[in-house]
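Each chain, written out:
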Amino acid sequence: MKILLKNVDIIHPEDKLDIKGTTVLLDKGIISKIGELTRDDKADAKEFDFSGKIIVPGFFDMHVHLREPGREDEETVITGCNSAASGGFTGIACMPNTEPAIDTAEVLKFIKGKSSNHLVEVFPVAAATLGRKGEIISPMAELVEAGAVAFSDDGAAIKTSSVLKRAFEYSGMYNTPIIEHCEDESLSDGAMNEGINSTLLGLPPLPSVSEDIIVSRDILMADYTGGRIHIAHISTKNSVNLVREAKKRGVKVTAEVTPHHFTLTDDLIKSYDTNLKMSPPLRTQEDVNAIIKGLKDGTIDCIASDHAPHSIEEKESEFQYAPNGIVGLETIVGLSFSELIHKNKISLGDLIYKLSINPRKILNLPIPKFEVGSSANFSIIDPNYVWTVDILKFRSKSKNSPFDKRLLTGKSFAVINKQKMFFDGQLIDLTSV
Amino acid sequence: MALSTRHLLGLQSVPKEDIQTILDTAHTFREVLERPIKKVPTLQGKTIVNLFYESSTRTRISFELAEKRLSADAINFSVSGSSVGKGETFKDTIKNIEAMKVDMVIVRHSAAGTPLYLTKICDSNIINAGDGTHEHPTQALLDMYSIRQKIGKLEGLKVCIVGDVAHSRVALSNIFGLQTMGAKVSVCGPSTMIPKNINELGVDVIYNIDEAIQENDVLNVLRIQLERKAREYFPSIREYAKYFGITQERLDKNGKDILILHPGPINRGVELSSEVADGSNQIILYQVTNGVAIRMAVLYLLGTHN
Ligand SMILES: [Zn+2]
């Protein structure tokens, strides 16, 4: 099947490509021509008029919780991939806090196998320690061989400094990063950020220093061992400053932020809406400002959703007893454009780095090429499309989002990868006739 | 005389006129409680459920008595322990109760925000009888009523809340209510028991109990929780009693005729010495009696005017 994408802009900042209003011809999902087409080229090609839309290297969300194996009632590999495709992603990294945890090659291959025919590529992050217990490091060599792109005990930080040291040393052999959920367990029994709002709402407080302590520890350990540390879902002003300062010193540290941590603050929790409960918790406007600054100056490398599906029954509970996390794959692009591009916080080029190029670089994955002969790996975005979030339309099995009914500007229209296209709610096989 | 709200979830946003109305109404019911026959037909035919997800015999009995004095039909629904991870069960419980045509729900729960949640899923009037470490509005109202009766006013009074402010549901309600009525509120206790940023509420923080006694007209002394979790917030009971406990000696030394409130039950020898707990400054049992009148007032105002 030949398809023709007309009147579209192409932007690939890594390859210094910025072409306006051009035409792209794909033959069975392979880029066969960009620019002027002949009549022959156009013969029996299915045409898409993509005026006002941009083609960018396929977006990659490096922090996704697929609930399979273990909680298939909340999300499966396939529904998670559908959610990713619908949200504008062609690749995701999934976190190891499944049941069982991704701490053996078998579990890892099981997940890869489930996704192998999907447009969205799934790259598992393996547990850093056996069962994510923080005691013995996982079989990292075998896990890397099976396809692990990073190690993490996400949901919690690696428990002790000694195990963290070994994890850095061992994973260093394969140049694989450690992704840390930075939270000091002994300070983390609260339900929301400590401050005036926790005081007013009578909710158990969780101090921001809990995050900062582990960020400091991890930076120091990465520096000492020469290992690579990636800070997941950074949320505090001090942590942003710590990462900035460490980068200056040459420590191999990178960081990601979620859209909710640059969009929302703990002021909203007044409603006790459990869709505002996440880990790390929503912080203050001062933290949000620091995060925006960190996104601007490159301290924060990536935007990731921390997509965390939960069943309605579990979220429909008392705030302090409710599970943490929200689904995010289908709102991350809209929130990034609304909050960062349309409010002139960062450039489009920077956003493409943070949503596509940087996560792949951190995980040692190849960057999609926009060259004739390459398999197309595209996200096709309408930056100016105004839409209202409707959780009932999510492809994810779960609907736990605080962004329901929110008006956003910017949306993914289609994704193309692995010779497949997701467009208008449909998965299209581009190799068929 | 009606309140501006259908529910009593807390005192944070309750206007002065409403508090005034509740206190004045309580005063008329206080008089009923002195009669030989202490019952009025005001809420005849109304059904009230006391939904207690946390045991609190004193509060429940006080509400129950208030309901009976007003001739309402009272139903007790107690669930021991919290409903951790049973959110749907909780919602089902509420829906079930409501299906029985209930007019009002009095709720006590270990989790902050539960009364607000109830207002979203059912149509009855909701009264918060204590939610987590958030609010306990009727306790604060009875405290304010008791102070007003004893001193004659609230406006301009200096009131200090002493003890474990961070883990108290009484403190916040008292702060909001007293400030609305024009009192100056401070808190005194070990810094580990003072919630962060409380000064942003216009509340002074005092770490010296003698200073608290000297500078205030009223001390509202909170109960120190002695179970393990709360015990981690201070070094020892001995140290607490020594530096924050109120003794007759301390009262005499500071030469003040100060009013002492305590929501009960008291840990004698910890936050109050036995001498003070039985002494002439405290009004602990007076508060208990007023508690019934305050709850009658709240039930009456929400039950008949809304
Ligand atoms: Zn995490």
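Rules and cut-offs
Residues numbered from 1 in each chain as written. Chains lettered and ligands numbered in written order. Predicted model: local features only at pLDDT ≥ 70, side-chain atom pairs only at ≥ 80, totals over all residues. Heavy atoms only, no water. Contact = heavy atoms within 4.5 Å. Buried area = accessible area lost by both parts, 1.4 Å probe. Salt bridge = Lys/Arg side-chain N within 4 Å of Asp/Glu carboxyl O. Polar contact = N/O pair within 3.5 Å; in protein donor to acceptor, adjacent residues only side chain to side chain. Helix = DSSP H or I, 4+ residues; strand = E, 2+ residues; numbered from the N terminus. Nonpolar A, V, L, I, M, F, W, Y, C, P; charged D, E, K, R; others polar. Buried < 20%, exposed > 50% of the residue type's maximum accessible area, 1.4 Å probe, protein only. Lys, Arg positive; Asp, Glu negative; His and termini not counted. Pairing = 2+ DSSP bridges. Phe/Tyr/Trp six-rings, centres within 6.5 Å; stacked < 30°, edge-to-face > 60°. Lys NZ or Arg CZ within 6 Å of the ring centre and 35° of its normal. Axes fitted to C-alpha atoms, helices over the stretch in contact; angles between N-to-C directions. pLDDT = per-residue confidence, 0-100. Parallel < 35°, antiparallel > 145°, perpendicular 65-115°, else oblique. Left-handed = near helix turned anticlockwise from the far one by under 90°. Donors = N, O, S within 2.8 Å, 3.2 Å for Na, K, Ca; no water. Arc of directions from axis to C-beta. Core = buried A, V, L, I, M, F, W, Y, C linked by side-chain atoms within 4.5 Å. Domains from an automatic or database assignment. 1 Å grid on protein atoms, 1.4 Å probe; cavity = no way out; pocket = protein on both sides within 12 Å on 5 of 7 lines; lining within 4 Å. Points joined across faces, edges and corners; volume = space filled by probe spheres on them.

A. Focus on the interface of chain A and chain B. Taken together, the contact pairs 18 residues of chain A with 27 residues of chain B. Counting the surface lost from both chain A and chain B, the interface buries some 1,800 Å², and carbon and sulfur atoms represent 55% of this. Summed over the shared surface of chain A and chain B, the number is zero salt bridges. Linking chain A with chain B are nine residue pairs in polar contact (both at pLDDT 80 or more), by the criterion used here. Looking at which element gives the most residues to the side of chain A that touches chain B, the answer is helix H6 (residues 196–201) of chain A, with four residues. Grouping the amino acids of the side of chain A that touches chain B by side-chain chemistry returns six nonpolar, six polar and six charged.

B. The arrangement of the side chain of B:Asp143 in detail. Residue and element names in this part refer to chain B. Structurally, Asp 143 is set in helix H5 (residues 137–151). Here Asp 143 sits buried without a salt bridge, and the closest side chain of opposite charge, Arg 295, lies 8.0 Å off (N-O distance). Every residue in contact with Asp 143, bar those within four places of it in the chain, is listed here: Val 170, Asn 174, Asn 220, Leu 261 and Gln 287.

C. Inspection of the pairing of strand S17 (residues 407–417) of chain A at higher detail. Residues and elements named next belong to chain A. In the sheet, strand S16 (residues 378–388) pairs with S17 via eight bridges, with the strands oriented antiparallel. Note that in S17 the partner of Ser 379 across the bridge is Val 415. Note: S17 against strand S18 (residues 420–423), four bridges, orientation antiparallel. Along S18, the bridge assignment pairs Val 415 with Phe 422.

D. A look at the packing of aromatic side chains. Residue and element names in this part refer to chain A. This structure, assessed with the given rule, holds 10 aromatic pairs over all chains. An angle of 85° between the planes, with centres 5.1 Å apart, marks the rings of Phe 48 and Phe 423 as edge-to-face. Of this pair, Phe 48 sits in strand S4 (residues 45–49) while Phe 423 is found in strand S18, placing the two residues 375 residues apart along the sequence. Taken together through their ring pairs, the aromatic side chains of Phe 48, Phe 50 and Phe 423 make up a single cluster. Across the ring face of Phe 413, the terminal group of Lys 53 is positioned such that the distance to the ring centre comes to 4.6 Å.

E. Quick peek at the environment of B:Lys184. All names here are of chain B. Of note, Lys 184 is situated in strand S6 (residues 184–188). Counting along the chain gives 20 residues from Lys 184 to Asp 204, while the straight-line C-alpha distance between them is 8.9 Å. Setting aside chain neighbours within four positions, we find Lys 184 in contact with Leu 157, Lys 158, Val 159, Gly 202 and Asp 204.

F. Spatial organisation of the sheet that holds S6(B). All names here are of chain B. The strand order S7-S6-S5-S8-S9 describes an open sheet built from five strands, whose pairing is parallel. What marks the edges here is a single partner per strand, and that holds for strand S7 (204–206) and strand S9 (259–261). Averaged over neighbouring strand pairs, the angle between their axes works out to 25° when direction is ignored. Along the sheet, H5 contacts strand S8 (218–221) and S9; its crossing angle with S9, the most-contacted strand, is approximately 160°.

G. Local environment of the confidence of the model for chain B. Put simply, chain B has an average pLDDT of 92, and 96% of its residues get 70 or more. Interface predicted TM-score (ipTM) for the complex: 0.89; the corresponding pTM is 0.92.

H. The packing of helix H2 (residues 77–87) of chain A against helix H3 (residues 105–115) of chain A, seen in detail. All names here are of chain A. The contact between H2 and H3 brings their axes to 9 Å, and the two run at 55°. Classified by the interaxial angle, the pair formed by H2 and H3 is oblique. Judged by the sense of rotation from one axis to the other, the crossing of H2 with H3 is right-handed. Residues Val 77, Ile 78 and Cys 81 of H2 form the contact with H3, whose participating residues are Ile 111, Lys 114 and Ser 115. A class-by-class count of the residues in the contact of H2 with H3 yields four nonpolar, one polar and one charged.

I. Focus on helix H6 (residues 170–180) of chain B. H6(B) sits mainly inside the fold: nine of its 11 residues count as buried. The complete set of buried residues in H6(B) reads B:Val170, B:Ala171, B:Leu172, B:Ser173, B:Asn174, B:Ile175, B:Phe176, B:Gly177 and B:Leu178. In this fold, the buried residues of H6(B) make contact with H6 of chain A together with helix H1 (16–32), H5, strand S5 (158–162), S6 and S8 of chain B. One or two positions beyond H6(B), positive phi appears at B:Gly182, with a value near 90°.

J. Local environment of the coordination of the zinc ion. The protein atoms donating to the zinc ion are A:Asp154 (OD), A:His181 (ND1) and A:His233 (NE2), with metal-donor distances spanning 2.0 to 2.3 Å. Owing to a relative accessible area of 4%, A:His181 belongs among the buried residues under this scheme.

K. View of helix H4 (residues 114–121) of chain B. Restricting attention to buried positions, one finds in H4(B) the residues B:Thr114, B:Pro115, B:Tyr117, B:Leu118 and B:Ile121. Viewed along the axis of H4(B), the buried residues span an arc of 155°, placing them on a single side of the element.

L. Representation of the nonpolar core. Residue and element names in this part refer to chain A. Judged by nonpolar contacts, the single largest core of 73 residues is most densely connected at Ile 231, Leu 295 and Ile 303. Here this core gathers at least three residues from each of two domains, domain 1 (2–55 + 370–429) and domain 2 (58–362). When sequence neighbours within four positions are dropped, the list of residues in contact with Leu 295 reads Val 257, Phe 262, Ile 300, Ile 303, Leu 340, Ile 346 and Lys 354.

M. Representation of empty space enclosed by the protein. Residues and elements named next belong to chain A. For the coordinates displayed, the defined rule picks out two cavities of 30 Å³ or more. The calculated volume of the largest cavity comes to roughly 50 Å³. Lining the largest cavity are Pro 259, His 260, Ser 305, Ile 326, Val 327, Gly 328, Thr 331, Ile 332, Leu 335 and Phe 403. Going through the elements one at a time, helix H9 (259–263) and helix H12 (332–341) are the ones with two or more residues in the lining of the largest cavity. Broken down by class, the residue content of the lining of the largest cavity amounts to six nonpolar, four polar and no charged. In this structure, the second largest cavity occupies an estimated 30 Å³ of space.

N. Quick look at the sheet that holds strand S2 (residues 73–78) of chain B. Residues and elements named next belong to chain B. The strand order S2-S1-S3-S4 describes an open sheet built from four strands, whose pairing is parallel. Strands with a single pairing partner mark the edges of an open sheet, and in this sheet they are S2 and strand S4 (125–131). Ignoring strand direction, the axes of neighbouring strands in this sheet form an average angle of 15°. Across six bridges, strand S1 (residues 47–52) lies against S2 in parallel orientation. Residue Phe 52 lies in a different strand from S2, and its bridge partner there is Ser 78.

O. Structural detail: unusual backbone geometry. The linkage connecting A:Glu68 with the following residue, A:Pro69, adopts the cis geometry, with an omega of 0°. When you line up the elements, A:Pro69 lands in the loop between strand S6 (59–64) and H2. Cis geometry is adopted by the peptide bond preceding A:Pro100, which originates at A:Glu99 and carries an omega value of 0°. Considering the arrangement of structural elements, one finds A:Pro100 in the loop between strand S7 (89–94) and H3. A positive phi angle is found at A:Lys16, which is not glycine, with a value near 55°. Relative to the assigned elements, A:Lys16 resides in the loop between strand S1 (2–12) and strand S2 (17–27). One non-glycine residue, B:Ser71, adopts positive backbone phi at about 65°. Here B:Ser71 lies in the loop between helix H2 (57–69) and S2.

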